[in-house]
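Each chain is listed here by its residues.
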Amino acid sequence: MEVKFLNEELKILYQTGSSKKYKKVPAQITRKLVRAVDVLSAASIIQDVWKFPAYNFEHLEGNKRYSMRMDRTWRLEMEIEWTNKDCTIGIIGLDDLTKHYGD
């Protein structure tokens, strides 16, 4: 699948391991982000991502919003623009890395 960064600071975090916007992201989450992007890039179809249950890949509210779990509190959020009618192949736009629960 094709992966694009919709958020420039997220791209910088992925490429360099640090970013102004994401300065509070723990190092282990940054490493998991890199692995998750590699998994998304290597996927031929979206079902390939489901082979990694720890990511808890899920559809969010709205037509194109999805998320992957980085750990118990951090989520990688994305949009997918489907390029086939079966909604199995698309362009993944990585949008944000957010903290959801607790500290």
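About the thresholds
- Residues numbered from 1 in each chain as written.
- Predicted model: local features only at pLDDT ≥ 70, side-chain atom pairs only at ≥ 80, totals over all residues.
- Heavy atoms only, no water.
- Helix = DSSP H or I, 4+ residues; strand = E, 2+ residues; numbered from the N terminus.
- Buried < 20%, exposed > 50% of the residue type's maximum accessible area, 1.4 Å probe, protein only.
- Lys, Arg positive; Asp, Glu negative; His and termini not counted.
- Salt bridge = Lys/Arg side-chain N within 4 Å of Asp/Glu carboxyl O.
- Polar contact = N/O pair within 3.5 Å; in protein donor to acceptor, adjacent residues only side chain to side chain.
- Pairing = 2+ DSSP bridges.
- Core = buried A, V, L, I, M, F, W, Y, C linked by side-chain atoms within 4.5 Å.
- Contact = heavy atoms within 4.5 Å.

**As for the side chain of arginine 75**
For arginine 75, the position within the fold is in strand E4 (residues 74–82). Glutamate 58 provides the closest opposite charge to the buried, unpaired arginine 75, separated from it by 5.0 Å. A polar contact of 3.3 Å, which involves the side chain of arginine 75, links it to the backbone oxygen of arginine 72.

**Quick notes on unusual backbone geometry**
Backbone geometry at asparagine 56 places phi at a positive 45°, although glycine is not the residue there. Here asparagine 56 lies in the loop between helix H2 (27–42) and strand E2 (58–59). Even without a glycine there, the phi angle at cysteine 87 is positive, about 55°. Within the secondary structure layout, cysteine 87 lies in the loop between E4 and strand E5 (90–99).

**Some details on the pairing of E4**
Relative to E4, strand E3 (residues 65–69) is paired through five bridges, and the arrangement is antiparallel. By the bridge assignment, methionine 68 is partnered in E4 with leucine 76. The antiparallel pairing of E3 with E4 creates a hairpin that spans four residues between the two strands. For E4 and E5, the ladder comprises nine bridges, and the chain directions are antiparallel. Note on E5: the bridge partner recorded for tryptophan 74 is lysine 99.

**Details of the nonpolar core**
Core analysis: the largest hydrophobic core is formed by 26 residues, its most contacted members being Met68, Met70, Leu76, Met78 and Leu97. The greatest single-element share of this core, amounting to six residues, is contributed by H2. For methionine 78, the residues in contact, after removing those within four places along its chain, are Leu40, Phe57, Lys64, Arg65, Tyr66, Ser67, Met68, Ile92, Gly93, Leu94 and Asp95.

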